[in-house]
Amino acid sequence: MYKRIILILFIFFSQLSFGQWNKSGNPFYGNKANRSSGIQIGGFLRFVNYQQYTKWNEDRYSDYAIHNKLFVYQQFDANNSIYGSIQNRLIFGEAYNLNASGYANSLLQNNDLVNLSFIVKEENNYLIHSEIDLLYYKWESKSTRVKIGRQRYYWNQSFIWNPNNYLNTYSVLGYDVVNRSGVESISIRTKLGGARSKWNMDVVYAPHKTMDESIVTSRLHYKSKRTEFQLLGGSILNDYSGGLGFSTYINETGISGEVTYFKAKSDDGFDALLIDLSTYYQFPSKLFLLGEILYHSNPQEYFTPTDIFTNRSVKHLITNKLQIAGIMQYPISKRTTIGASVLYYLDDEYTSANAFINSKLTKRIEFYLSYNIFGQAETVIDGQSRKYALAQLAISF
């Protein structure tokens, strides 16, 4: 368990509270004003300090990181563009020293067609890691879009667990969820019924190292101002799968859900049904509350730490039949938001509770501070569980 916590490194709640609603950190995402012809460059630089301990003066370990990400966007004309991003991390500190080579190796283990993740330098007391996480060509007209290359997909409707998200799956325990790399693939999106239609059809082919593990999937997606609905299915790694997802509002209360069934291709695999439901509400004061629950019909009792770094099927990344979560966020000013998050795994009786503050100091400088408690419910209550503190300063450009 201790090794697994070291691998988490930067606390997953720092991503839960903000990251999964930010499509990719891409400064050009959804911003048509930035799509004029020519090359555009953006990115960020983050400085991170991370502390973990049971008792501050007895068993405290620290980690540090400098994380840089660079986006490059080239719009050739009204239809053709290229987008790419590369990120570099320098990681060092006492906690890293305890698991240096194991962590480095885990970053290189993936089942992508092309491995664009590199250990630039690895020593006993630090690690330099670099990867090209996105790189794709896009052709787009009013009714059709084609993308070829390493890209990310957002087929989720829920906030925390996303059993519909066949592509770019991740664990909520994973490292730096917001900046997970894309998957090599060809995707085609077509509006059904013309350019103004609310119905889209997505078709994706993602080749892998073996033909049997290649992903061939499609999604029928409807989106209006207050409602989304999707049907999806295909051949997903070692499974055949089908599912549906939705998001809607009853008065001002949001409700989202995802249901996915996995049928193993071989006798060595296992079938599974995943059902996720969430509800959320924002008060006039801007206080935001969310509750979510996930059911897994056939969880496996153990997964290795490296599983959270690979594009495995989402059914492998959940080890409890039932888990629940809650999130609260409140903007105390135009620039500062406070919040809290709780996850509880019913089978293991594990709890994770988090409190955070996020402040935009200037237009380009942002500060984040969080405190997290993780462990068996009994140890959390009596104060004997592990504690984690994270401070982050991010500069965008």
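Calculation criteria
- Residues numbered from 1 in each chain as written.
- Predicted model: local features only at pLDDT ≥ 70, side-chain atom pairs only at ≥ 80, totals over all residues.
- Heavy atoms only, no water.
- Helix = DSSP H or I, 4+ residues; strand = E, 2+ residues; numbered from the N terminus.
- Buried < 20%, exposed > 50% of the residue type's maximum accessible area, 1.4 Å probe, protein only.
- Contact = heavy atoms within 4.5 Å.
- Salt bridge = Lys/Arg side-chain N within 4 Å of Asp/Glu carboxyl O.
- Phe/Tyr/Trp six-rings, centres within 6.5 Å; stacked < 30°, edge-to-face > 60°.
- Lys NZ or Arg CZ within 6 Å of the ring centre and 35° of its normal.
- Pairing = 2+ DSSP bridges.
- pLDDT = per-residue confidence, 0-100.
- Patch = residues over 30% accessible without salt bridge, like charges linked within 9 Å, V, L, I, M, F, W, Y side chains within 5 Å.
- Areas by Shrake-Rupley, 256 points an atom, 1.4 Å probe, with all protein chains shown as cover.
- Lys, Arg positive; Asp, Glu negative; His and termini not counted.
- Charge placed at Lys NZ, Arg CZ, Asp CG, Glu CD.
- Polar contact = N/O pair within 3.5 Å; in protein donor to acceptor, adjacent residues only side chain to side chain.
- Core = buried A, V, L, I, M, F, W, Y, C linked by side-chain atoms within 4.5 Å.

Pulling in residues and values, what's your account of the overall build of the protein?
Helix and strand counts for the protein come out as 5 helices and 19 strands. Relative to its 397 residues, the protein shows a buried fraction of 48%. Within the protein, contacts between residues separated by at least 24 positions form 56% of all contacts whose residues are at least 6 apart in sequence.

So what's going on with the pattern of salt bridges? Which residues, and what values?
Inspection of every chain in the model, using the stated rule, returns 12 salt bridges. Between D212 and K265 there is a salt bridge, and its shortest N-O distance comes to 3.9 Å. Here D212, found in the loop between β8 (199-206) and β9 (215-223), pairs with K265, found in the loop between β12 (253-264) and β13 (272-282); they are 53 residues apart in sequence, far enough to count as distant. Look at D212 and you get partly exposed, because its relative accessible area is 46%.

Give me the lowdown on the packing of aromatic side chains, citing residues and values where you can.
What describes a pair of aromatic rings is the distance from one ring centre to the other and the angle between the planes of the rings. Throughout the structure, instances matching the rule amount to 17 aromatic pairs. Seen from their ring centres, Y50 and Y388 are 6.2 Å apart, and the 5° between their planes marks the pair as stacked. With Y50 in strand β1 (residues 38-53) and Y388 in strand β19 (residues 386-396), this pair connects stretches of sequence that are 338 residues apart. Members of the aromatic cluster, each reached through a chain of ring pairs, are F44, F71, Y73, Y83 and Y136. The aromatic ring of W56 is capped on one face by R60, whose charged end is 4.2 Å from the ring centroid. One Lys or Arg, K265, reaches over the ring of Y240 and ends 5.2 Å from the middle of that ring.

I'd like to hear about the pairing of β19, residue by residue, with values.
Consecutive side chains along a regular strand alternate between the two faces of the sheet. In terms of strand pairing, β1 meets β19 through 10 bridges, oriented antiparallel. Note on β19: the bridge partner recorded for R46 is A394. Bridge count between strand β18 (residues 365-376) and β19: 10 bridges; the pairing is antiparallel. Each residue of the ladder has a partner; that of N372, found in β19, is Y388.

Help me get a handle on the confidence of the model for the protein, residues and values and all.
Per-residue confidence for the protein gives a mean pLDDT of 82, with 81% of residues at or over 70. Scored below 50 in pLDDT, residues 1-35 shows 105 contacts in the model against residues more than four places distant or in partner chains. Here residues 305-309 scores under 50 on pLDDT; set against residues more than four positions off or in separate chains, the count is 17 contacts.

Give a detailed account of a positive patch on the surface, specifying residues and quantitative values.
Among the surface-exposed residues, R335, K360, K363 and R364 lie close enough to one another that they form a single positively charged patch. For K360, the location among the structural elements is in strand β17 (residues 350-360).

Would you mind going over a nonpolar patch on the surface in detail, with residue names and values included?
Taken together, F47, I66, Y330, I332, I357, L361, F367, L369, L393 and I395 make up a surface patch of nonpolar side chains, about 750 Å² in accessible area. At the level of elements, β18 and β19 are the ones that each hand at least two residues to the nonpolar patch. Here L393 lies in strand β19.

So what's going on with the environment of E292? Residues and values would help.
With respect to the secondary-structure elements, E292 resides in strand β14 (residues 288-296). You can call E292 buried: its relative accessible area is 3%. Separated by 134 residues in sequence, E292 and S158 place their C-alpha atoms 8.2 Å apart. Within the structure, E292 has its side chain in polar contact with the backbone nitrogen of F159 (distance 3.4 Å).

How would you explain the nonpolar core if you had to name every residue and give the values?
Grouped together as the largest cluster of nonpolar side chains are 32 residues, with contacts concentrated most on W155, I160, Y166, L167 and L290. Residue assignment for this core shows that the elements contributing at least two residues are β8, β10 (228-236), β13, β14, β15 (322-331) and β16 (336-345). Core analysis: the second largest hydrophobic core is formed by 8 residues, V48, L127, Y368 and L390 among them.

So what's going on with the environment of T248? Which residues, and what values?
Inspection of the secondary structure assignment puts T248 in strand β11 (residues 239-250). Since its relative accessible area comes to 24%, T248 is described here as partly exposed. The sequence separation of T248 and Q157 amounts to 91 residues, and the corresponding C-alpha distance is 9.8 Å. For T248, the residues in contact, after removing those within four places along its chain, are R226, T227, T253, G254, I255 and Y280. Reaching out from T248, the side chain makes a polar contact with the side chain of T227 at a distance of 3.2 Å.

Hey, could you go over a negative patch on the surface for me, with residue numbers and the actual values?
On the surface, D347, D348, E349, E378 and D382 cluster together into a patch of negative charge. Looking at where D348 falls in the secondary structure, it is placed in the loop between β16 and β17. What makes D348 partly exposed here is its relative accessible area of 34%.

Tell me what's going on with unusual backbone geometry, and back it up with residues and numbers.
Its identity as a non-glycine residue notwithstanding, L237 has a phi of 55°, on the positive side. Within the element layout of this structure, L237 appears in the loop between β10 and β11. A positive phi angle is found at E349, which is not glycine, with a value near 55°. On the basis of relative accessibility, which here comes to 43%, the residue E349 falls in the partly exposed class.

Residues and numbers for the environment of I357, please.
Tracing the backbone through its elements, the reader meets I357 in strand β17. The exposure class assigned to I357 is partly exposed, which follows from its relative accessible area of 31%. Distance in space between the C-alpha atoms of I357 and P331 is 9.5 Å, their sequence separation being 26 residues.

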